[in-house]
Amino acid sequence: MLVIGLETSCDETAVGIVDDQRQILANCIATQWDEHKPYGGVVPEIAARAHLDHIDTLVKRALAEAKTTLKDLSGIAATCGPGLIGGVMVGAMTGKAIAAVRGLPFIAVNHLEAHALTARLTDNVVFPYLLLLVSGGHCQLLLVRGVGDYKLLGRTIDDAVGECFDKGAKLLGLPYPGGPAVERAAMNGNPEAYPLPRPMLGREGCDFSFSGLKTALRQLTEHNAGDKNFTADAAASLQAAIADILTDRTKNALELLQNENEKIAALVVAGGVASNQFIRTHLAELAAMYHMPFVAPPPALCTDNGVMVAWAGLERLRLGLTDGLDTAARPRWPLEASLQTSS
Ligand code: KG4
Ligand code: ZN
């Protein structure tokens, strides 16, 4: 089985090809950072146009990299949501057009499911597992019971964690994209320099909150701008606060599952923020406390990529879950609803 996957939901145009032996045959990506940099964030119209400019070339490049042709594919998968709708439509329409012309099965992939299943490609993790999904638009704890079978344990009640990194970076005068910039700046800073708040810490349940942290950082920048070590110390303090929040809420989820006698195979982290080394280390320590394997895909497969879409497509295809060419692109698409979309 050979599946190609198209990803266009945010600011990366990406195409990947995988097979059912868990081999990555192609991983092509065109980031749009330079196009969005002047605005300090993703501009949806610019993103959609850039996807349109790059997607055909990337499909060709991926096929060449995998030394294959469209006629050898078993299926074509494309992210159909959630995401910036203009961009999602570009990938979805391209995927459907190729599927129609070549008579290939089409798989409408939920972007969150693509992140959620990546650990099965990279580390062969078996179901069920606990997933901390941390990206630019989401922050959720999920029990992953199977393909299309997710139980939401907790989620953010305000901002997504990646958003907290991105807005925090902007406040600190660090470049876009904010997450990697904060991580780099934090390497030279003291994580205990500023005691930033950790909303929800110690509270029951598995929900997250980040807006109070952002407000506190804004106030901090107003009072400390100009201090030579400020940016590095504030970045390190922000990163430490976020890591504490993520670890505390994940600990509650592990407790909850333990109390419910739910045997899980691993603690898995996925999504762009999962590429953060400091956060990975904290989560690995937590997993070790619970004698639980910890799985974090390689950083390049945590941030958006086409390989994860191809893999989610392959997982669905081998269960016979394909989609009609009338499947709509959608800006919102909760993971719990992903099974019902298949025809
Ligand atoms: O999964 P992703 O690539 O796109 C979405 O689906 O949203 O996640 C992007 C988010 C951005 O907010 C970005 O700042 C954050 O992931 N991110 C990081 C790091 N690399 C990317 N956050 C913290 N540390 C990083 N190294
Ligand atoms: Zn993503």
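Since the model is a prediction, treat every value here as computed from it, not as a measurement. (Residues numbered from 1 in each chain as written. Chains lettered and ligands numbered in written order. Predicted model: local features only at pLDDT ≥ 70, side-chain atom pairs only at ≥ 80, totals over all residues. Heavy atoms only, no water.)

*Asks:* Looking at this structure, how should I read the overall build of the protein chain?
*Replies:* Assigned secondary structure in the protein chain consists of 11 helices and 10 strands. Relative to the globule expectation of 20 Å for 343 residues, the C-alpha radius of gyration of the protein chain, 20 Å, shows essentially globular dimensions. Relative to all contacts within the protein chain whose residues are 6 or more apart in sequence, the contacts with residues 24 or more apart total 73%. Total accessible area on the protein chain stands at roughly 14,100 Å², and carbon and sulfur atoms take up 52% of it. Within the protein chain, one finds 29 positive and 37 negative side-chain charges whose respective centroids are separated by 2 Å. (Helix = DSSP H or I, 4+ residues; strand = E, 2+ residues; numbered from the N terminus. Rg over C-alpha atoms; globule rule 2.2 N^0.38 Å. Contact = heavy atoms within 4.5 Å. Areas by Shrake-Rupley, 256 points an atom, 1.4 Å probe, with all protein chains shown as cover. Lys, Arg positive; Asp, Glu negative; His and termini not counted. Charge placed at Lys NZ, Arg CZ, Asp CG, Glu CD.)

*Asks:* In this structure, what is going on with the site of ligand 1? I would like to understand it.
*Replies:* Close to ligand 1 lie 18 residues; Gly136, Asp166, Gly179, Glu183 and Gly272 are nearest. A distance of 3.0 Å separates an oxygen atom of ligand 1 from a polar backbone atom of Gly179. Here Glu183 contributes a side-chain N or O atom positioned 2.7 Å from a nitrogen atom of ligand 1. In the complex, the protein chains occlude 89% of the 550 Å² of accessible area that ligand 1 would expose alone. Among the elements of the structure, helix H4 (111–123), helix H5 (161–171) and helix H6 (178–186) are those that each provide at least two residues to the shell around ligand 1. Across the shell around ligand 1, the residue classes tally to 3 nonpolar, 12 polar and 3 charged. The residues that make up the shell around ligand 1 include at least three from each of domain 1 (2–116 + 301–337) and domain 2 (128–292). (Near = heavy atom within 4 Å. Polar contact = N/O pair within 3.5 Å; in protein donor to acceptor, adjacent residues only side chain to side chain. Nonpolar A, V, L, I, M, F, W, Y, C, P; charged D, E, K, R; others polar. Domains from an automatic or database assignment.)

*Asks:* I'm lost on the coordination of the zinc ion (ligand 2) in this one. Help?
*Replies:* Think of it this way: four donors in a tetrahedron around the metal ideally sit 109.5 degrees apart, and six in an octahedron ideally sit 90 or 180 degrees apart. Looking at the metal site, the zinc ion (ligand 2) is ligated by His111 (NE2), His115 (NE2) and Asp304 (OD), spaced 2.0 to 2.1 Å from it. Read N to C, the donor residues that coordinate the zinc ion (ligand 2) are spaced as H-x3-H-x188-D. Taken together, the residues span a long stretch of sequence, with His115 in helix H4 and Asp304 in the loop between helix H10 (299–302) and helix H11 (306–317) at a distance of 189 residues. Residue classification places Asp304 among the buried positions, given a relative accessible area of 13%. (Donors = N, O, S within 2.8 Å, 3.2 Å for Na, K, Ca; no water. Buried < 20%, exposed > 50% of the residue type's maximum accessible area, 1.4 Å probe, protein only.)

*Asks:* What should I look at first to understand the layout of surface pockets in this one?
*Replies:* Here the idea is plain: a probe the size of a water molecule rolls over the atoms and shows the empty space left. In this structure, the second largest pocket occupies an estimated 160 Å³ of space. Considering the residues around the second largest pocket, the lining is formed by Leu254, Leu257, Gln258, Asn261, Glu262, Lys263, Ile264, Tyr290 and Met292. For the lining of the second largest pocket, the class distribution of residues is 5 nonpolar, 2 polar and 2 charged. (1 Å grid on protein atoms, 1.4 Å probe; cavity = no way out; pocket = protein on both sides within 12 Å on 5 of 7 lines; lining within 4 Å. Points joined across faces, edges and corners; volume = space filled by probe spheres on them.)

*Asks:* Explain the pattern of salt bridges here, please?
*Replies:* One side chain can pair with another of opposite charge once the charged atoms of both are near each other. Overall, the coordinates contain 9 salt bridges when judged by the stated rule. With a closest N to O distance of 2.7 Å, Arg316 and Glu113 form a salt bridge. Taken together, the residues span a long stretch of sequence, with Arg316 in helix H11 and Glu113 in helix H4 at a distance of 203 residues. By the burial criterion, Arg316 is buried, and Glu113 matches it. Salt bridges here are not isolated pairs; linked through shared partners, they connect Arg120, Glu315 and Arg318. (Salt bridge = Lys/Arg side-chain N within 4 Å of Asp/Glu carboxyl O.)

*Asks:* What am I meant to see in the packing of helix H2 (residues 44–65) against helix H3 (residues 85–102) here?
*Replies:* Two packed helices can be described by the angle between their axes and the distance between those axes. At their nearest, the axes of H2 and H3 sit 8 Å apart, and the two run at 30 degrees to each other. Between H2 and H3, the crossing angle belongs to the class labelled roughly parallel. Judged by the sense of rotation from one axis to the other, the crossing of H2 with H3 is right-handed. Of the residues in H3, those touching H2 at Ala48, His51, Leu52, Ile55, Asp56 and Val59 are Gly86, Gly87, Val90, Thr94 and Ile98. By residue class, the composition of the contact of H2 with H3 is 6 nonpolar, 4 polar and 1 charged. (Axes fitted to C-alpha atoms, helices over the stretch in contact; angles between N-to-C directions. Parallel < 35°, antiparallel > 145°, perpendicular 65-115°, else oblique. Left-handed = near helix turned anticlockwise from the far one by under 90°.)

*Asks:* How do you make sense of the packing of aromatic side chains when you look at a structure like this?
*Replies:* To describe a pair of aromatic rings, one takes the distance between the centres and the angle between the planes. In the structure shown here, the tally under the stated rule is 3 aromatic pairs. Ring centres 6.3 Å apart and planes at 10 degrees place the aromatic pair Phe208 and Phe210 in the stacked group. The pair formed by Phe208 and Phe210 is uniform in burial state, with each residue classed as buried. Over the aromatic face of Trp333 sits the side chain of Arg330, whose NZ or CZ is 4.5 Å from the ring centroid. (Phe/Tyr/Trp six-rings, centres within 6.5 Å; stacked < 30°, edge-to-face > 60°. Lys NZ or Arg CZ within 6 Å of the ring centre and 35° of its normal.)

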